[in-house]
Amino acid sequence: MTCLAERLARPEIVALGDFDIPPRAVPGDTIKLDANENPFEPLGPAALAASVNRYPEPQPARLKAMLASLYGVDPDALVVTRGADDAIDMLIRAFCRPGDDAILIAPPTFTAYAHFARLQGARVVEHYLGPDFALDAQGFVAAARATPSLKLAFLCSPDNPTGGIVAADTLCAIADALPETILVVDEAYIEFSCAESVAREAVRRPNLVVLRTLSKAFGLAGARIGAAIGSRALIALAARALPPYPLSSLSIAAALDALAPERRRLHADRIARIIAERARMAERLRRASGLDRVRDGGGNFLFLEAKDPAKLRESFAAAGILARFRETAAPGGVRLTIGTRAENDAVLAALGIGDSPVGSRRADIARDTNETRIAVAIDLDAAAPRRIDTGVPFFDHMLDQVAAHGGFSLLLTCTGDLHVDAHHCIEDCAIAFGSALSKALGDRSGIGRYGFSLPMDEARAEILLDLSGRPYSLFEGSFAATHIGAYPTMMTAHVFRSFADALRATVHVRVAGEDDHHKTEACFKALGRALRQAIRREAGGVPSTKGLL
Ligand SMILES: *Cc1c(COP(=O)(O)O)cnc(C)c1O
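Residues numbered from 1 in each chain as written. Predicted model: local features only at pLDDT ≥ 70, side-chain atom pairs only at ≥ 80, totals over all residues. Heavy atoms only, no water.

Digging into the overall build of the chain
Alright, step 1. Each helix and strand counted, the chain has 18 helices and 21 strands in total.
Alright, step 2. Overall, the C-alpha framework of the chain stretches about 85 × 65 × 40 Å when taken along its three principal axes.
Alright, step 3. Looking at the 549 residues of the chain, the share that counts as buried comes to 52%.
Alright, step 4. Restricting the contact set of the chain to residue pairs at least 6 apart, pairs at least 24 apart contribute 72%.
Alright, step 5. Distance between charge centroids for the chain: 4 Å, based on 62 positive and 66 negative side chains. (Helix = DSSP H or I, 4+ residues; strand = E, 2+ residues; numbered from the N terminus. Buried < 20%, exposed > 50% of the residue type's maximum accessible area, 1.4 Å probe, protein only. Contact = heavy atoms within 4.5 Å. Lys, Arg positive; Asp, Glu negative; His and termini not counted. Charge placed at Lys NZ, Arg CZ, Asp CG, Glu CD.)

Here we look at the domain arrangement of the chain
Alright, step 1. The assigned domain composition of the chain is domain 1 (40-260), domain 2 (264-350) and domain 3 (362-534).
Alright, step 2. The C-alpha-based centres of domain 1 and domain 2 are spaced at 26 Å.
Alright, step 3. Residue-level contacts link 23 residues of domain 1 with 19 residues of domain 2.
Alright, step 4. Where domain 1 abuts domain 2, roughly 1,800 Å² becomes buried across the two surfaces, and 56% of that area is made up of carbon and sulfur atoms.
Alright, step 5. Considering only the surface of domain 1 that becomes buried against domain 2, Phe133, Pro161 and Phe192 emerge as the three largest contributors, covering 35% of it.
Alright, step 6. Our count for the contact surface shared by domain 1 and domain 2 stands at two salt bridges.
Alright, step 7. A salt bridge links arginine 295 to aspartate 132, with the shortest nitrogen-to-oxygen separation between them at 2.6 Å.
Alright, step 8. In this structure, the connection of domain 1 to domain 2 is made through nine residue pairs in polar contact (both at pLDDT 80 or more).
Alright, step 9. When grouped by side-chain class, the residues that make up the side of domain 1 that touches domain 2 number 13 nonpolar, six polar and four charged. (Domains from an automatic or database assignment. Buried area = accessible area lost by both parts, 1.4 Å probe. Salt bridge = Lys/Arg side-chain N within 4 Å of Asp/Glu carboxyl O. Polar contact = N/O pair within 3.5 Å; in protein donor to acceptor, adjacent residues only side chain to side chain. Nonpolar A, V, L, I, M, F, W, Y, C, P; charged D, E, K, R; others polar.)

What about the UniProt feature "modified residue: N6-(pyridoxal phosphate)lysine" (unreviewed entry) in the chain?
Alright, step 1. Following the UniProt record, the feature "modified residue: N6-(pyridoxal phosphate)lysine" (unreviewed entry) maps to Lys216 here.
Alright, step 2. Take lysine 216: it is sitting in the loop between β6 (208-213) and β7 (226-229).
Alright, step 3. The class for lysine 216 is partly exposed, based on a relative accessible area of 30%.
Alright, step 4. If we skip the residues at most four places from it in the chain, lysine 216 touches Ala188, Tyr189, Phe192 and Asn300.
Alright, step 5. Of note is the side chain of lysine 216, whose polar atom sits 3.5 Å from the side chain of tyrosine 189. (UniProt positions renumbered as here; feature names shortened; annotations may be inferred.)

Focus on the site of the ligand
Alright, step 1. For the ligand, the set of nearby residues contains 13 residues, the closest of which are Ala84, Tyr189, Thr213, Ser215 and Lys216.
Alright, step 2. For the ligand, an oxygen atom lies 2.5 Å from a polar atom in the side chain of threonine 213.
Alright, step 3. Between lysine 216 and the ligand, the recorded distance is 3.3 Å, taken from a side-chain N or O atom to an oxygen atom.
Alright, step 4. Burial of the ligand by the protein amounts to 93% of the accessible area it has alone, namely 390 Å².
Alright, step 5. Here the shell around the ligand takes three residues from helix α5 (residues 83-95), the largest share from any one element.
Alright, step 6. A breakdown of the residues in the shell around the ligand according to their chemical character gives five nonpolar, four polar and four charged. (Near = heavy atom within 4 Å. Areas by Shrake-Rupley, 256 points an atom, 1.4 Å probe, with all protein chains shown as cover.)

Quick word on a negative patch on the surface
Alright, step 1. A cluster of acidic side chains, namely Asp457, Glu458, Glu514 and Asp515, defines a negative patch on the protein surface.
Alright, step 2. Positionally, aspartate 457 belongs in the loop between β16 (452-456) and β17 (459-466). (Patch = residues over 30% accessible without salt bridge, like charges linked within 9 Å, V, L, I, M, F, W, Y side chains within 5 Å.)

Comments concerning the sheet that holds strand β8 (residues 291-295)
Whether parallel or antiparallel, the strands of a sheet pair through hydrogen bonds between backbone atoms.
Alright, step 1. Pairing within the open sheet is antiparallel, and its four strands lie in the order β8-β9-β11-β10. The open sheet has two edge strands with one neighbour each: β8 and β10 (324-325).
Alright, step 2. Note: β8 against strand β9 (residues 301-306), four bridges, orientation antiparallel. Of the residues in β9, the one forming a bridge with valine 294 is leucine 304.
Alright, step 3. Sheet strands in contact with helix α12 (residues 261-285) are β8, β9 and β11 (333-337), and its direction is about 10° off that of β9. (Pairing = 2+ DSSP bridges. Axes fitted to C-alpha atoms, helices over the stretch in contact; angles between N-to-C directions.)

Here's what the structure looks like:
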């Protein structure tokens, strides 16, 4: 008995063999003379990193393993595609014979399902969402059963554009009620929702496929990286509809970068910010007189129903705001993506319900060298979250003191060559921290600018700080021990110098006492306190008679 995928697939696809391409990247010293590639390395630095003179791995093993672990499935259960769009196209071309076969969709929903089906010459059958855009699961199953030669049924959860979510057990029940049809569940936005993914369920079933993407939650729309997840047999068959080298080396490099462990926390933080902004915007927009309805579903967008969409279009256009008007989805329907806080404030202002905007003072940066890879996020106007992982526990504790006493949020993750010693990690974290702080301060207008001193038992530390725009550092003090844990005490002076350079600040440190732990901790606490004063918002512009810092 052949498997479901094989029975449903187009005979041409079943007959097709796999491409004759060696599946794995070869060791670096291999002399590759097998693919008519150009042996010279590319000229541009970005291209160089991804070696675009060589063909990419058709299914890059490392990326596949990272995606598989991200989605909680085996690498065999996943095929990497050029965005989820490409996965939709792949499935339709693999399973739908032109003229004969059909797909089922539940509008209003993502338009690509119907688009690719029409392109393939497949019929598109529509079963509309019910009142309040809720899915009538029984009606959907009945429509599927009533459709001759139905190959694929698509459900989007969270749905684009309505934001609606179909519960995981409902999705599984629908798949189980339609054993001769493949249910495709599009989870492009699931990271922004509290819905449970059915990716693991898909691996266990012959007729369930899940689509995921790095476009939305990981900010990689331009790199075009997505995935289809399902049973190994189904995935292997569907993948035959892909071209031989579907993914560009540059995109693979971008995806590996985005998924690097030290960047995960920043992505999670960004997603949390978008979710918080979605709630804030929904709450504010519900008070706008021009809107009948504001839906905040599970996506990185809201679905609005405008009383007068033409007028809304005008207000947005005047403010330079682009939104997606979807009047076929609902009368006055507008899909509004959640942007940065400043962008969202511009939307509120365009609707006449804005506060006077307080510019946000946050920054996130990534700093990668051959020795360390660091990601930092700072928000000077929020006290939480603080999570620091430099690889050197004592230094984590010190930076945490700086942020806690400075009264700002700090996320910092570093992976580096700790097998050599702690030097690079500590130094580079100090540089990255200073750079992020400098970026968050922007033009440094409206800040306090200056310093602090502090006792800690027998120790005392004095920090004189000036966010002057000019780097200078002075360190007076010495330590008796060489190390505190894995942390070399000689690094403290070095950290303050690197930090002052990157922040473009004058930092004078004087420390005295007996216990090295107390002395070191007093330095970092005093730095936090000094920063708290210096970064504080005060009335007025740039605190310099020059007008520039
Ligand atoms: C954006 C979107 C996609 C496509 O994402 P890519 O990975 O960028 O192709 C798929 N499904 C839905 C519902 C979307 O909104």
